[in-house]
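Reading the structure
Here's the letter readout for the chains.
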Amino acid sequence: MMNCNQYSGAESRRDFLAKFSYGIGAMALGDLLSPRAEAAGLPGVPHFAPTAKRVIFLFQSGGPSHLDLLDYKPGLKEHFDKDLPDSVRQGQRITGMVTGQARLAIQPSRYRFSQCGASGRWMSELLPHTQKISDDICVIHSMNTEAINHDPAITFIQSGSQLPGRPSIGAWVDYGLGSQNENLPSFVVLNSVPSAGGGDQGLLARLWGSGFLPSKHQGVQLRGSGDPVLYLANPDGITPERRRALLDGLGALNRLQFEQAGDPEIETRIAQYEMAFRMQTSVPDLMDFKSETDATYELYGKAARQPGTFARNCLLARRLAERGVRFIQLYHRGWDHHDRLTKRIPVLAGDIDQASAALVTDLKQRGMLDDTLVVWGGEFGRTVYAQGSANHDNYGRDHHGRAFSIWMAGGGIKGGHTFGATDDFGFNVVENPVHIHDLQATILHCLGINHERLTYRFQGRQFRLTDVHGHVVKGLLA
Amino acid sequence: MRLQSPTLLLPIRHACRFTSLMLRILCFLLVPLTQRSFSADISFNRDIRPILSENCFYCHGQDPKHREAKLRLDLPEEAMRERDGVRAVLPGKPDESEMIVRLLSQDRDEVMPPPKANKHVTPEQIALLKRWIAEGAKYERHWAFIPPRRAALPEVTKAGWTRTELDRFILARLEHEGLTPAAEATPSAWLRRASFDLTGLAPGPAELDAFAADVAARGEVAYELAADRLLASPRFGERLAQDWLDAARYADTHGFNNDSGRSMWRWRDWVIDAFNSNLPYDQFLTEQFAGDLLPQPTVEQRIATGFGRNHVINSEGGIIEEEYRVEYVVDRMRTLGMSTLGLTLECCRCHDHKFDPITQRDYYQIFAFFNQVPELGEDGRVANASPLMDAPTREQQERFRQLDAATAVRTATLAKLLASDREKRGDAVVLATLKTHLAGSTASVPQGSRLLLGARATADGKTELVNLPDPKAKSLGAATVRASDDAVLGPVLSFDGTAGAVLSRDFGDLGKAWSLATWVRWSGGEAVLCSTMEMQMPASSGGYGRGIAVLLTAEGRVEVRHSMRWPAYAAQVFTSETVLPGRWQHIAVMCDGTRKASGIRVFIDGAECAKEVLHDGLTSVVTLSGKMRIGEEAAPEPHRLRGELAGFRLYPRVLEPALLRPWVETSLARVVTQGEGEKDRADWRRELLLRRTAVDYARLCEERDLLREERRLLASEVPTTMVMQELPAPRTTHLLKRGMYDAPGEVVQPGVPETLLGAWPKDAPRNRLGLARWLTQPEHPLTARVAVNRFWQQLYGVGIVKTSDDFGFQGEYPVHPELLDWLARGFIDSGWDVKALLRTLVLSATYRQDSTISPTLHERDPENRLLARGPRVRLPAEQIRDHALAVSGLLRQRLGGPSVFPTQPADLYKGIVVAAAYPGTTWTESTGDDLYRRSLYTFWKRTVPYPVLNVFDAPDREFCSVRRARTNTPLQALTMMNEPAMVEAGRQLGARMLMEGGTDDAARLAFGFRAATSRPPRPEELAVLRKMLERFRKDFTADDKGASALLKGTSQDAGQAAYAALGGLLLNLDETVTKN
């Protein structure tokens, strides 16, 4: 779970013993473990001065259509319902869902694109708010992945391997950098409920799992309903005062046992119970939105008033960022538009557009965008050919990993910049390809981590997030 | 000096330390024990190879594709060969050895390892290398690849301390290190430790008392008897299974995106049984790797092979089948490597191993053994993936045996009655009598059939199929069908096996629920009765194999296919009963409109058949509609029917079996009273007559029918389980370039690295069974070592080889190599006797030491590798929960069975799991006893693990794992304090203290304390508890509502509430969750 090293003081056992009193009631162990601003991760990490202290990853699960959102291809209109040329497909594999299809018919986007911001970047009418922050974000058109199905693709972008078993990127960051706030976990996960449907794919605990890293590096889910953190609330009949008294008694007994058994693990356990007690205060405080102004809600949109929405989670992400949480991972599901894309994508875009833009704006207003890296994107893009037949008003698109678009903002990334390009069909990358491993290397780089040096020995080998690949994409950096 | 010590970064040590940073730095400075020389001599295996492997072999090892400067340091002749006037290793002359020169070089372009490699050799290590070269640079074969031998027992000074021979090894090392063993633990402490290790549960107060008395009375014998009692407990199998379930990546869901449910608990039962019955470990492995290939395998031996199928299976639509089928084989390889060989085999999937002497070719040779399963890449969306089998429980198997025996008795008696009747009257008399009997009987065809196939003559003298109820219907086409006539059955259609009939027009849509009824006289051979499945398009196409088919197998079993996309998304069932060739028999198939295999029912001659489900993966209902072929199927090489059909009817509903049977029986009786075709018609008539006229005969028939019905119902409850199976014709295995499924290289034959790990056993078949024989042959260098090391790890928290999953070059050198070999050899020689091994271990003086940790000892040996004290480790996740339930009296003991669903937060799956109604995507909380079963029975959903177990480091079981981390986190504290079952356990423990603990507070508190920790509280501890109790009693006296809330409204008694609070506190003690 969390890196407990991060929460325990650097006092020696002797100091601790000296300070400790064995009485009941008067003891307030929390005071002894005075909070410290930062707790160390690995020695020597960060490897160099970071440009970002934290990351907010707005993950769009299912594979948003780059062709309908970010990658403008005006020339496609002329190719409507024509076969995808072999010279474009280049023999690349396609999913089992379209292998039986007689034709791969070109499907232009039905959405209007317009130019926005100082750079004159083209963006779809589906993202009116994102258009407004165009000068703050860097759009990458040349993302690419080997995976063509959800499970491997999402596992790949989140853990650097198409197959399960590797630590997630947030776990790597937690392992490397440790925490900036000893009262909250440093890797937090927020799952939002789409406003319509959207559960075609499951999310998997492994996406925020710790793989072979110690399980304390797992992401901690903050939940929209029930206890925000599992088992945070005391049971009925146990007030905070009673909890405090029970913890004092427990601490006293554990301490007596430590005197007998001498196991330092007992001291750690005492400290973890105290940390748990502090979380019982700090998490409800975090989840208490009373201090947020109407202006803020206006910025993020009405949905931000409703727990569990993507907009609410964007606002919560900002609150987490303010509290020094290192890696904030949001998920929004429902982008898998094999059919009825035109009915569904406006709903999805409506869920995320205003809130994503608001988060960037809000961070900027608070002077936090400079050291907060925001990433927006999914596991892959969608095909230029229609799944089913081409149709002006109602079409669908299959998975496409060879090229897709994401955007990044803040934390050392060049705002207003556009990076990489695809061919006229949005099918192949033709300029400055950015592979999943490159993206991961670059995110780590912004955090001051050399992706080749953040390693963990498992089964006789030094593993890292980017396996044996990945290059920092210098062209993205401010 | 760099602060880098890889072995100290391994997961087991991740329990965090209070004085974290300082202590960590200190640890980094210490040279790991296992790399410290025990003796003054340099050992290549212990001292040198780890340095070379870690720092040099990656570029100068066996992988030719990655070799720099064509230099190999893993082979002596290569390392010592002269090149460009220098030798990397020049024995006797370290300063002239290029290796040393490069290690010491200050030149960035010269120094080794190159700065970019991010590797650093310490001055101490360089000194060791120099000494090794100075002393002659002797290479040794890697220790783990030499078969284990028993060394002479080491000499020790304090021989009186030892209780078993193994203690000599431990003591010798301690004496060498100047350490003394700890005092013996108290009998109670030993019993607690041994009970946790052998049964997963702590001893109760009565057991503790009895054992203490027994020790006082009988001394050492009491320990032996206690160990025997624990080993004989059914709980033993549950405890031992827990670790093997991790290794075998057991789970109740398929994993991946859909993560739907599967049923493998019969395999889990097998594991528990295997440990309880002390199945020899070589047999344990053999049955799991190849139980199906043993001569006449039992049901249990086939169930055991589920070990090879516990891997994740992907049902995501649109995946490329072969990509995932290959992954499943890869997973079997990884599991073999980690669980049995202690090798990182998976490294060789893409290239030769960077460290160990295993090539990519070796890898694919072993791969070939596991590449022969008739499995699909995309499968398992709604149920078990094929191949699967019916896996009756032992009780069910016993009941089947009883039913079969009872049936056999009746069948034999009926045959006798028939024979004696034959002696009494002739066939003609029987026929005449039967006719008389039938004269008055009538029974009508069930009404409402949509279609009746018939035949009529066409103008050109041919016969065509017609839709009889609709006289205007056009010809149904098809043609080589001949018609004959039968007064009872109506027109008869004959099929000669060369052609069937295609209904040339759609017969409409029967909807979801339907029935099909037809008379058939089958001439043998695999046959299609009817099929709407289209199987002529490419198998990857969307609609491939959509439809419904009814077939006969070569044995005459009726097969029904209900398919969305063949074969992954289909229900496929076979009847256990068969039709006989040459007889008119009636077949009815009903489908209830669900997608479950259980919704398909088949009746032969009006009696319902038991079914075997081969596949149960239909994802949505396919209606019976569209084009139907009669007597053949639409496939490139179609099966056809040889035989006759009559009265072919379809119904848009499920028929009432009670109506079906009288009609079928009466019709049959009429059939047999006329016509001459059937050779056994005479006996058949006699059977029918006796059934109608002879009371005892009819009664026996009825009894037999009832037995058959019970058997069918029992069969419908039999769980299935996934198993290993061999393809009828072997699949060719290729080396896969870069490990890619679509980049096949050279063809390889099944085989093993014989030079490295031992010759293939003589006469062993080249299949999984041969592989299992090879793995378990007594001279195998790894299997026994890896096993005993894991049992050792189970007891002490860390193995003799800490890297229990890696015995290769990069693994840790054993801290007690001679002991490991002594145990391994002894294990093999004992006939792989697991219980005997564990008995020896828990009775040893080493194990019986007190676990108190002194600061000096902790500094010297923080992980207790030298064992100068007993083990003290936090309990594994399952035992933490089980112990809380047991102490509070909530635990319900029942051995084996399906997984259970204890309480978990109602919305845990919300927003995470796939939003389709696949099995395993909802958590329906268990009721009654199943809320409080042992944790190993908890439903294991891979992508959303059960939080109480997950938080205490239980793995998600996506892959094999043989070592768990032991972390210590605030989320664990929250779980222990607030999780509903834990809170309930605290409440119940409070109630037990009041009810069973005695008459005063001191006694009651001591009772609770002892239940949790297996020892009475010390006075100062009791004082703390009493103060706490008084505080809470006072507190709750002033707060009725609070007391009532804590007691869930059962009472508002302040005393009870105070005890409930104290019960919770006791469960949270460090000692409660610790094996010490």
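Predicted model, so just to flag it, every value in this text is computed and none were measured.

Looking only at helices and strands, chain A has 13 helices and 17 strands in total. Its C-alpha atoms give chain A a radius of gyration of 24 Å, within 12% of the compact-globule value 23 Å for 478 residues. With the principal axes as the frame, chain A shows a C-alpha extent of 85 × 55 × 40 Å. The 478 residues of chain A split such that 67% are buried. Of the contacts formed within chain A by residues at least 6 apart in sequence, a portion of 79% connects residues at least 24 apart. Surface exposure of chain A reaches about 15,300 Å², of which carbon and sulfur atoms provide 50%. Distance between charge centres in chain A, computed from 49 positive and 49 negative side chains, equals 1 Å.

When you go through chain B residue by residue, the secondary structure sums to 35 helices and 24 strands. Across its three principal axes, chain B shows a C-alpha extent of roughly 105 × 90 × 60 Å. Residues counted as buried form 62% of the 1076 residues belonging to chain B. Summing over all exposed atoms, chain B offers an accessible surface of approximately 39,800 Å²; the carbon and sulfur share of this is 54%. In chain B, the 139 positive side-chain charges and the 139 negative ones have mean positions that sit 2 Å from each other.

This part takes up helix 32 (residues 1001-1013) of chain B. Residue and element names in this part refer to chain B. Spanning 13 residues, helix 32 covers 18 Å between terminal C-alpha atoms, matching the ideal 18 Å at 1.5 Å per step. Judged by how many residues are buried, helix 32 sits mostly within the fold: 10 of 13 residues are covered. If you check which residues of helix 32 are buried, you get A1002, R1004, L1005, F1007, G1008, F1009, R1010, A1011, A1012 and T1013. You can read the cap of helix 32 off the contacts: a side-chain oxygen lies 3.2 Å from the backbone nitrogen of A1002, and it is on D1000. Immediately downstream of helix 32, the backbone of S1014 shows phi near 70°, a positive value.

Below, the discussion takes up helix 12 (residues 341-365) of chain A. All names here are of chain A. With 25 residues, helix 12 should cover 36 Å at 1.5 Å per step; its first-to-last C-alpha distance of 35 Å lies within 8% of that length. At A349, helix 12 shows its maximal kink, close to 30°. Remark: G367 follows helix 12 within two positions and exhibits a positive phi of approximately 70°.

Attention shifts here to the interface of chain B and chain A. Between chain B and chain A, the contact holds 103 residues from the first and 103 residues from the second. Together chain B and chain A conceal approximately 8,800 Å² of surface at their shared face, both sides included; 57% is due to carbon and sulfur atoms. E323(B) is the salt-bridge partner of R93(A), the closest N and O atoms lying 3.0 Å from each other. Scanning the region where chain B abuts chain A turns up 32 residue pairs in polar contact (both at pLDDT 80 or more). At 10 residues, the largest contribution of residues to the side of chain B that touches chain A is made by helix 33 (residues 1019-1037) of chain B.

What follows covers the side chain of S844(B). Structurally, S844(B) can be placed in the loop between helix 26 (834-843) and helix 27 (855-860). Every residue in contact with S844(B), bar those within four places of it in the chain, is listed here: R163(B), T164(B), L166(B), D167(B) and Y796(B).

Turning our eyes to something else, we now look at the packing of aromatic side chains. Residue and element names in this part refer to chain A. Evaluated as defined, the whole model comprises 54 aromatic pairs over all chains. Considering the side-chain rings of W172 and Y175, the 5.9 Å spacing of their centres and the 70° angle between planes classify their relative orientation as edge-to-face. On the criterion of helical spacing, the pair formed by W172 and Y175 is a turn pair, its members being 3 residues apart in helix 7 (residues 169-177). Each member of the pair, W172 as well as Y175, carries the same accessibility label: buried. Taking the centre distance of 4.8 Å and the plane angle of 50° together, the rings of F212 and F463 count as tilted. In this pair, F212 sits in the loop between strand 5 (187-192) and strand 6 (220-221) while F463 sits in strand 17 (residues 461-463), placing the two residues 251 residues apart along the sequence.

A few words now on the environment of L841(B). Residue and element names in this part refer to chain B. Considering the arrangement of structural elements, one finds L841 in helix 26. Note: C-alpha distance between L841 and F791 (50 residues apart in sequence) is 9.2 Å. Residues contacting L841, with those up to four places away along its chain left out, are L166, W792, L795, L823 and Y847.

Residues and elements named next belong to chain A. Taken as a whole, this structure holds 118 salt bridges over all chains when the rule is applied. Residue D285 is joined to R323 by a salt bridge in which the shortest nitrogen-to-oxygen separation is 3.8 Å. Of this pair, D285 sits in helix 9 (residues 264-287) while R323 sits in the loop between helix 11 (310-322) and strand 7 (327-333), and the two are 38 residues apart along the sequence. Residue D285 is classed as partly exposed on the basis of its relative accessible area of 45%. Across the pair R318 and E292 runs a salt bridge whose closest N-O atoms are separated by 2.6 Å. Of the two residues, R318 sits in helix 11 while E292 sits in the loop between helix 9 and helix 10 (294-300), which places them 26 residues apart along the sequence. With relative accessibility at 2%, the residue R318 sits in the buried group. Exposure remark for E292: the relative accessible area of 9% places this residue in the buried category. Overlapping salt bridges bring together E292, R318, R319, E322, D362 and R366 as one network.

One finds W407(A), W190(B) and W244(B) to be the most contacted residues of the largest nonpolar core, which totals 341 residues. Ranked by the residues each element gives to this core, the list is headed by helix 12 of chain A, at 11 residues. Judged by nonpolar contacts, the second largest core, of 41 residues, contains L376(B), I604(B), I630(B) and L645(B).

Looking now at the sheet that holds strand 12 (residues 557-565) of chain B. Backbone-to-backbone hydrogen bonds join strands into a sheet, with any given pair of strands oriented parallel or antiparallel. All names here are of chain B. If you trace the 7 strands from one edge of the open sheet to the other, you get 8-18-10-11-12-13-17, paired in antiparallel fashion. In this open sheet, the two edge strands, each paired with only one partner strand, are strand 8 (501-502) and strand 17 (611-616). Judged from the 2 bridges that link them, strand 8 and strand 18 (residues 629-630) form a sheet pairing that is antiparallel. When the sheet's bridge partners are listed, V502 is paired in strand 18 with R629.

Take the packing of helix 11 (residues 234-247) of chain B against helix 24 (residues 783-796) of chain B next. All names here are of chain B. Close contact between helix 11 and helix 24 brings their axes to 12 Å; oriented N to C, the two are set at 115°. Classified by the angle between their axes, helix 11 and helix 24 sit roughly perpendicular to one another. As helix 11 runs across helix 24, the sense of the crossing is right-handed. Touching R239, L240, D243 and W244 of helix 11 are R790, F791 and Q794, all from helix 24. Each residue belonging to the contact of helix 11 with helix 24 can be placed in one class, and the counts come to 3 nonpolar, 1 polar and 3 charged.

Another aspect to go through is the confidence of the model for chain B. All names here are of chain B. With 91% of its residues at a pLDDT of 70 or more, chain B shows a mean pLDDT of 89. Long-range and interchain partners of residues 1-31, a stretch whose pLDDT sits below 50, account for 76 contacts in this model, where long-range means more than four residues apart. Within the model, the stretch residues 469-480 combines pLDDT values under 50 with 27 contacts to residues more than four positions away or in other chains. The ipTM value of the predicted complex is 0.86, and its pTM value is 0.87.

This part covers the packing of helix 8 (residues 240-261) of chain A against helix 33 of chain B. Between helix 8 of chain A and helix 33 of chain B, whose axes approach to 10 Å, the crossing angle comes to 175°. Of the possible angle classes, the one that applies to helix 8 of chain A and helix 33 of chain B is roughly antiparallel. Touching E241(A), R242(A), A245(A), L246(A), G249(A), A252(A), L253(A), L256(A) and Q257(A) of helix 8 of chain A are E1020(B), E1021(B), V1024(B), L1025(B), M1028(B), R1031(B), F1032(B), D1035(B) and F1036(B), all from helix 33 of chain B.

Our next topic: the side chain of E1071(B). Tracing the backbone through its elements, the reader meets E1071(B) in the loop between helix 35 (1054-1068) and strand 24 (1074-1075). A distance of 2.7 Å separates polar atoms of two side chains, one belonging to E1071(B) and the other to R1015(B). Contacts of E1071(B), omitting those with residues within four sequence positions, involve Q257(A), R192(B), T1013(B), R1015(B) and N1076(B).

Mean pLDDT over chain A stands at 89; residues scoring 70 or higher make up 91%. Per-residue pLDDT stays below 50 along residues 1-38 of chain A; that stretch engages in 116 contacts with residues further than four places along the chain or on separate chains.

The next thing to look at is the pairing of strand 1 (residues 54-61) of chain A. All names here are of chain A. Where burial is concerned, most of strand 1 is hidden: 8 out of the 8 residues are buried. Of the two faces of strand 1, the one lined by R54, I56, L58 and Q60 and the one lined by V55, F57, F59 and S61 are each fully buried. Taken together, the 7 bridges between strand 1 and strand 7 define a ladder with parallel strand orientation. Note on strand 7: the bridge partner recorded for V55 is F327.

Calculation rules
- Residue indices begin from 1 for each chain and proceed along its sequence in written order.
- Whichever chain is written first is A, and whichever ligand is written first is 1; the rest continue in order.
- Residues qualify for local features only when their pLDDT is at least 70, as the model is predicted, and side-chain atom pairs are given and counted only at 80 or more; totals for whole chains, interfaces and linings, by contrast, use all residues.
- Note: side-chain values were computed over all heavy atoms of the structure, leaving out hydrogens and water.
- A helix here means a DSSP run of H or I that spans at least four residues, while a strand means a run of E at least two residues long, and both kinds are numbered starting from the N terminus.
- Note on method: radius of gyration uses C-alpha positions; expected globular size equals 2.2 Å times residues raised to 0.38.
- Note on classification: 1.4 Å probe, protein chains only; a residue is buried when its accessible area is under 20% of the maximum for its type, exposed when over 50%, partly exposed between these limits.
- In what follows, residue pairs with any heavy atoms lying within 4.5 Å of each other are defined as contacts.
- What sets the accessible areas is the Shrake-Rupley method with a 1.4 Å probe; for residues, cover comes only from the shown protein chains.
- In this tally Asp and Glu are treated as negative and Lys and Arg as positive; neither His nor the chain ends contributes.
- Where a charge sits is defined by one atom per residue type, namely NZ (Lys), CZ (Arg), CG (Asp) or CD (Glu).
- For a helix, the expected span equals 1.5 Å multiplied by the residue count minus one.
- Throughout this description, a polar contact denotes any pair of N or O atoms lying within 3.5 Å of each other; where both atoms belong to protein, one of them has to be capable of donating a hydrogen while the other can accept it, and for residues adjacent in sequence the pair is counted only when both atoms sit in side chains.
- In this scheme, the bend at a residue equals the angle between the axes fitted to the seven residues that finish there and the seven that begin there.
- Two parts placed together each lose some accessible area; with a 1.4 Å probe, that loss summed over both constitutes the buried area.
- Each salt bridge in this description consists of a side-chain nitrogen of Lys or Arg and a carboxyl oxygen of Asp or Glu lying within 4 Å of one another.
- Each Phe, Tyr or Trp ring (for Trp, its six-membered ring) is paired with any other whose centre lies within 6.5 Å, and the angle between the two planes then decides the class: stacked below 30 degrees, edge-to-face above 60, tilted in between.
- For our purposes a nonpolar core is just a set of buried Ala, Val, Leu, Ile, Met, Phe, Trp, Tyr and Cys residues, chained together by side-chain atoms within 4.5 Å.
- Two strands pair if DSSP finds at least two bridges between them.
- Only the stretch in contact is used when fitting a helix axis, every axis being a line fitted to C-alpha atoms; angles between N-to-C directions are given from 0 to 180 degrees.
- Roughly parallel means an angle under 35 degrees; roughly antiparallel, over 145; roughly perpendicular, 65 to 115; everything else is oblique.
- Crossings are classed by handedness, with left-handed meaning an anticlockwise turn of the near helix from the far one by less than a right angle and right-handed meaning a clockwise turn.
- Any residue outside Ala, Val, Leu, Ile, Met, Phe, Trp, Tyr, Cys, Pro, Asp, Glu, Lys and Arg is labelled polar, Gly included; the first ten of those are nonpolar and the last four are charged.
- Per residue, pLDDT captures the predictor's confidence, and it can take any value from 0 to 100.

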